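Topology and contacts: notes
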Amino acid sequence: MKNSIQTLKIIIAIFVMALTTNLFAQRDKIDNFRSYDKDGLNVFETPKDLNTTFDGIRLRIGGAFSQQFQALDHENTAFSDTTGVVNSLYDLSPGFNLATANLNIDVQLADGITLNMITYLSSRHHSEAWVKGGYMQFDKLPFIKNEAVTSLMEKVTIKVGHMEVNYGDAHFRRTDNGNAIYNPFVGNYLIDVFNTEIGAEVYYRNNGMIGMLGVTGGEINGNVKDLDPNGIGETETDDKLARSPSIIGKLGYDSQINDDLRFRLTGAAYYTASSNTNHILDGDRGGSRYYLAMSAPGARAGDDFRTGRYNPGFRDEVTLLSGNVFLKYQGFELFSFVESGKGKSNNEVDTRNFTHFAADVVYRFGKTENVFFGGRYNTVKADDVSGQEITINRIQVGAGWFVTKNILAKLEYVNQEYKDFGATSRLADGKFNGIMVEAVVGF
């Protein structure tokens with residue numbers, strides 16, 4: 001029965017993708033939309049275009065698909081205790097990773113009002129199809145007939161729903177399950193700051209200046225459970241049993257200074273005083289591209305799906321600050337951020353800290369910039385939950401070719417090293433490196 005259900009899901013997924021392909025050439029235009037193909041490169045917040053009209057509901061069905069070939073090696077200082085337990089590693093060999101796919105649905109509901117919903121058809125963490133999230137975006141409010149409101153909305157955008165929160169700028173360049181078009185490399189950053197939360201964000205944009213304020217429930221899923229039914233949190237011994245909202249803010253400047261030069265500089269913050277389970281630092285359910293790197297023998301790809309990343313474990317109290325810069329001069333691109341975090345889990349008394357830095361340098365060749373190469377340096381220093389002050393360093397060197405604007409091939413060499421982990425940790429003197437090849441389709 002279980003196999004029959006899985007087979008039916010696969011047939012439905014194939015049918016949907018086939019239907020999408022048939023409709024590809026005649027899909028409706030969606031206003032203020034970030035394209036899922038090459039046209040979406042280096043787009044951060046969605047565009048703001050007021051020169052729009054509406055003559056009925058419009059539907060756009062798209063998708064994203066990616067497949068990797070992995071050839072990685074890893075090593076550590078294996079530890080064995082008196083019981084004979086050995087902290088050895090999974091036996092890696094070259095091979096193909098699970099193909100991942102997204103189904104993208106965008107709808108123009110009214111003039112200046114759009115809906116976005118993304119479903120993961122296949123992901124490293126889930127074998128079944130499931131919805132990532134969905135939100136409504138308001139660039140106009142046609143149902144409010146007021147000149148002052150209409151004038152205000154010329155510079156304001158409102159997003160409401162269960163959505164990817166807009167903290168920092170790195171999430172605009174990351175791989176999102178099947179959608180790997182925007183990422184010039186194969187892997188995401190060491191701390192993959194990403195989550196879908198329920199809430200609202202309000203944007204103000206004027207002559208390149210950007211301001212955003214958002215409020216969410218602070219958790220991946222909605223939850224109405226009373227976390228403190230006995231009033232324990234009212235005592236001096238424990239005041240952290242109630243969930244608090246998350247506050248997200250961003251200020252910045254983004255301008256195409258001339259035909260050759262674009263410059264963007266932003267600062268961002270994320271704060272929640274208390275949470276039942278906050279996932280802003282490990283909210284990606286699509287999974288890491290480095291399958292089973294530094295994993296234990298017997299591990300399964302779906303269980304240990306964030307391999308190669310670092311999670312500080314701030315599930316209760318979280319404060320994040322980041323500064324982000326993007327510079328593009330002709331074919332040369334620089335994207336960099338520095339980030340600091342402070343927080344703790346629900347069972348900790350004292351807060352811990354981390355710093356996170358990354359710099360991407362990419363050069364795109366030719367008039368259409370269809371070929372590129374680049375490098376990334378990424379490092380994390382953190383007060384680990386184990387009590388150690390640890391460091392993780394990663395270098396990625398890669399190249400890519402847009403065969404068409406919908407088809408991308410990528411090649412990457414990655415080298416990652418773990419420093420100062422305890423002698424009994426599986427990451428003690430850990431290291432993995434090797435080659436990744438990825439094929440991507442986005443439309």
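This structure is a prediction, so every number in the text was calculated from the model and none was measured.

About the thresholds
Residues numbered from 1 in each chain as written. Predicted model: local features only at pLDDT ≥ 70, side-chain atom pairs only at ≥ 80, totals over all residues. Heavy atoms only, no water. Helix = DSSP H or I, 4+ residues; strand = E, 2+ residues; numbered from the N terminus. Rg over C-alpha atoms; globule rule 2.2 N^0.38 Å. Buried < 20%, exposed > 50% of the residue type's maximum accessible area, 1.4 Å probe, protein only. Contact = heavy atoms within 4.5 Å. Areas by Shrake-Rupley, 256 points an atom, 1.4 Å probe, with all protein chains shown as cover. Lys, Arg positive; Asp, Glu negative; His and termini not counted. Charge placed at Lys NZ, Arg CZ, Asp CG, Glu CD. pLDDT = per-residue confidence, 0-100. Core = buried A, V, L, I, M, F, W, Y, C linked by side-chain atoms within 4.5 Å. Phe/Tyr/Trp six-rings, centres within 6.5 Å; stacked < 30°, edge-to-face > 60°. Lys NZ or Arg CZ within 6 Å of the ring centre and 35° of its normal.

**Let's talk about the overall build of the protein**
Across its full length, the protein holds 2 helices and 17 strands. Over its C-alpha trace the protein gives a radius of gyration of 22 Å, about what one expects of a compact globule, namely 22 Å for 443 residues. Its C-alpha atoms put the protein at 75 × 60 × 55 Å along the principal axes. Buried positions account for 51% of the 443 residues belonging to the protein. In the protein, 68% of the contacts between residues at least 6 apart in sequence involve partners at least 24 apart. Counting every atom, the protein has about 20,300 Å² of accessible surface; 60% of that belongs to carbon and sulfur. When the 44 basic and 53 acidic side-chain charges of the protein are each reduced to a single mean position, those positions are 6 Å apart.

**Remarks on the confidence of the model for the protein**
Caution is warranted with low-pLDDT regions, since their predicted coordinates should not be read in detail. Per-residue confidence for the protein gives a mean pLDDT of 90, with 90% of residues at or over 70. Confidence over residues 7-12 falls short of pLDDT 50; this stretch has 1 contact with residues more than four positions distant or in other chains. Throughout residues 234-240 the model reports pLDDT below 50, and contacts reaching past four residues in sequence, or to other chains, amount to 8 contacts.

**A few points about the nonpolar core**
The nonpolar side chains of a soluble globular protein tend to be buried, and buried together. Counting residues in hydrophobic clusters, the biggest one holds 35 residues, and the most contacted among them are Ile280, Leu281, Leu320 and Phe432. Counting residues per element, the ones that place at least two in this core are strand E10 (261-272), strand E11 (317-329), strand E14 (371-383), strand E15 (389-404), strand E16 (407-419) and strand E17 (431-442). If we ignore the near neighbours within four places in the chain, the residues touching Leu320 are Tyr167, Val193, Ala268, Ala269, Tyr270, Ile280, Leu281, Ser340, Gly341 and Phe354.

**So, the packing of aromatic side chains**
Each aromatic ring pair is described using two quantities: the centre-to-centre distance and the angle formed by the ring planes. On inspection of all chains with the given rule, the structure shows 16 aromatic pairs. Each ring, one from Phe44 and one from Phe172, has its centre 5.6 Å from the other, and the planes form 75 degrees; the classification is edge-to-face. Of this pair, Phe44 sits in the loop between helix H1 (2-23) and strand E1 (58-75) while Phe172 sits in the loop between strand E6 (156-164) and strand E7 (196-206), and the two are 128 residues apart along the sequence. Of the residues examined, Phe172 reaches a relative accessible area of 10% and is grouped as buried. One aromatic cluster is present, formed by Phe44, Phe172 and Phe326 through successive ring pairs. Its guanidinium or amino end placed over the ring of Phe194, Arg174 lies 4.0 Å from that ring's centre, counting from NZ or CZ. The ring of Phe372 has Arg364 lying over it, and the distance from NZ or CZ to the ring centre is 4.8 Å.

**Concerning unusual backbone geometry**
With a phi close to 65 degrees, Leu292 is a non-glycine residue in the positive phi region. Tracing the backbone through its elements, the reader meets Leu292 in the loop between E10 and E11. When its relative accessible area of 8% is taken as the criterion, Leu292 is described as buried. Positive phi values are uncommon outside glycine, yet Met294 reaches one of about 65 degrees. Topologically, Met294 is positioned in the loop between E10 and E11.

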